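Reading the structure
The primary structure of each chain is shown beneath.
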Amino acid sequence: MTVDPRAELSDFLRSRRARLSPDDVGLPQYGRARRVPGLRREELAQLAGVSVAYYTRLEQGNGRNVSAEVLDSIARALRLNDAEREHLGNLTRSKPHKKKKEPRSPLRPALRHLLDGIAVPAYIGGRRADVLAWNPMAAALFGDWSRLDPRDRNWARMIFLRPEYQNLFVNWENKAADIVAFLRLDAGCCSDDPELAALIGELSLKSELFRQLWAAHEVKEKSFGTKVLRHPLVGELTLSYETLRMPSEPGLFLTTYHAEPGTPSAEGLQLLASWGADASHSVTTKA
């Protein structure tokens, strides 16, 4: 099982073209009535400075031998953001091939020591939204991940398939949309990953919301922001998160959650820290 990069490229370009109107890009509306929303292929080709035939081949999934200059012109015409530009580049470079399943390598002890030394909830994540390691504060906030099967220590499975996580996140649909956008970016750069393809297939079968979000072709890079959680022990927490990539460990990232000092959310985190392992059992149940 793999993700088809040709189909991904075709669907992605169509979805980005569909969200633009002639008014958005300063083109007059003329000619036959539009049967579907968005720019026509010839309008996009005009904006990008390429022939209609060339752009049509690209939108049909033929991304071989496309120059960086042409991709940049198309990205500008489609008004892609940085994550979308990266995704477009990944899709045109993708070459599917058979790939052996990669064994999960253990994290370096130094990384685990780093986690234990961080005084706020923190975890190390990897590709496919996997959770690989965490500190006690993360367990107190998100639940005891050690009670889950390693396969289920995955944000996508937790958010879409486990009701306790849907209850934990206020506006969990936003969290779900973020997770799908992260997976879509992964799919662009690692289209030959059978585990990722299996995850997408499983969630597509089990979750209507996942199917809808996946069809939207949104992509997003992990960065920073704010989430509101409804913890069963301490109530509502407004927390900021930061995601730090690890240059020496490709594909891994460190995510931390913290509260503004002096706020009720900061007091709530302190309470969770004082309760330790007792707090960690309040969110998750044994799989």
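This one's a predicted model, so the numbers in the text were calculated from it and none came from an experiment.

How each quantity is defined
- Residues numbered from 1 in each chain as written.
- Predicted model: local features only at pLDDT ≥ 70, side-chain atom pairs only at ≥ 80, totals over all residues.
- Heavy atoms only, no water.
- Salt bridge = Lys/Arg side-chain N within 4 Å of Asp/Glu carboxyl O.
- Helix = DSSP H or I, 4+ residues; strand = E, 2+ residues; numbered from the N terminus.
- Pairing = 2+ DSSP bridges.
- Axes fitted to C-alpha atoms, helices over the stretch in contact; angles between N-to-C directions.
- Contact = heavy atoms within 4.5 Å.
- Phe/Tyr/Trp six-rings, centres within 6.5 Å; stacked < 30°, edge-to-face > 60°.
- Buried < 20%, exposed > 50% of the residue type's maximum accessible area, 1.4 Å probe, protein only.
- 1 Å grid on protein atoms, 1.4 Å probe; cavity = no way out; pocket = protein on both sides within 12 Å on 5 of 7 lines; lining within 4 Å.
- Points joined across faces, edges and corners; volume = space filled by probe spheres on them.
- Nonpolar A, V, L, I, M, F, W, Y, C, P; charged D, E, K, R; others polar.
- Expected span 1.5 Å × (residues − 1).
- Polar contact = N/O pair within 3.5 Å; in protein donor to acceptor, adjacent residues only side chain to side chain.
- Parallel < 35°, antiparallel > 145°, perpendicular 65-115°, else oblique.
- Left-handed = near helix turned anticlockwise from the far one by under 90°.

1. Focus: the pattern of salt bridges
- Under the defined criterion, the tally for this structure stands at 23 salt bridges.
- One salt bridge in this structure joins R151 and E202, with 2.8 Å as the shortest N-O distance. Within this pair, whereas R151 is found in the loop between α8 (136-142) and α9 (155-161), its partner E202 is found in helix α12 (residues 194-206), the two being separated by 51 residues in sequence.
- Several salt bridges share partner residues, and in doing so they unite R127, R128, D130, D193 and E195 into one network.

2. A few points about the sheet that holds strand β2 (residues 131-134)
- Here we have five strands laid out as an open sheet, ordered β2-β1-β5-β4-β3, and antiparallel in their pairing. Each edge of the sheet is formed by a strand with only one pairing partner; in this case those strands are β2 and β3 (224-231). Adjacent strand axes in the sheet meet at a mean angle of 30° when their direction is disregarded.
- As judged from the three bridges shared by strand β1 (residues 122-125) and β2, these two strands associate in the antiparallel manner. For G125, the partnering residue across the bridge sits in β2 and is V131.
- Strands β3, β4 (235-245) and β5 (253-258) of the sheet are contacted by helix α14 (residues 264-275), whose axis makes an angle of about 85° with β4.

3. Quick notes on the packing of aromatic side chains
- Enumeration over the complete set of coordinates arrives at 14 aromatic pairs.
- Summarising the aromatic geometry, the rings of Y123 and W155 are spaced 6.1 Å apart at their centres and angled 55° between planes, so their arrangement reads as tilted. Within this pair, whereas Y123 is found in strand β1, its partner W155 is found in helix α9, the two being separated by 32 residues in sequence.
- Judged by its relative accessible area of 4%, Y123 is buried.
- Taken together, a centroid distance of 5.7 Å and an interplanar angle of 15° make the contact between F210 and W214 stacked. Note that F210 and W214 are positioned in helix α13 (residues 208-215) at a spacing of four residues, about one turn of the helix.
- W214 sits in the buried class, given a relative accessible area of 13%.

4. Here's the deal with the layout of surface pockets
- In this structure, the second largest pocket encloses a volume near 260 Å³.
- Forming the boundary of the second largest pocket are 20 residues, of which D186, C189, E221, R245 and G251 lie nearest the centre.
- Counting only elements with at least two residues in the lining of the second largest pocket, the list comes to α6 (82-93) and α11 (172-189).
- In terms of residues, the lining of the second largest pocket owes the most to one element, α11, which gives four residues.
- Here the lining of the second largest pocket is built from residues that sort into nine nonpolar, three polar and eight charged.

5. What about the pairing of β1?
- Alternating residues of β1 divide into A122 and I124 and Y123 and G125, and every residue in both groups is buried.
- Hairpin geometry of β1 and β2 is characterised by an intervening segment of five residues between the two adjacent antiparallel strands and by a positive phi of about 65° at R128.

6. What to know about α6
- Here α6 contains 12 residues, and its C-alpha end-to-end distance of 17 Å stays within 8% of the 16 Å for a straight helix at 1.5 Å per residue.
- Of all the positions in α6, only A83, E84, H87, L88, G89, N90, L91 and T92 are classed as buried.
- Where α6 is buried, its residues touch α1 (5-18), α4 (52-59), α5 (68-78) and α11.
- Among the residues of α6, the N-terminal cap falls to N81, whose side-chain oxygen and the backbone nitrogen of A83 are separated by 3.2 Å.

7. Notes on the packing of helix α3 (residues 41-48) against α4
- It is at 9 Å that the axes of α3 and α4 come closest, and there the two elements cross at 110°. Taken together, the axes of α3 and α4 are roughly perpendicular relative to one another. With respect to the hand of their crossing, α3 and α4 are arranged in right-handed fashion. Only V52, Y55, T56 and E59 of α4 make contact with α3, whose side of the interface consists of R41, E42, L44 and A45.
- Taken together, the residues of the contact of α3 with α4 break down into four nonpolar, one polar and three charged.

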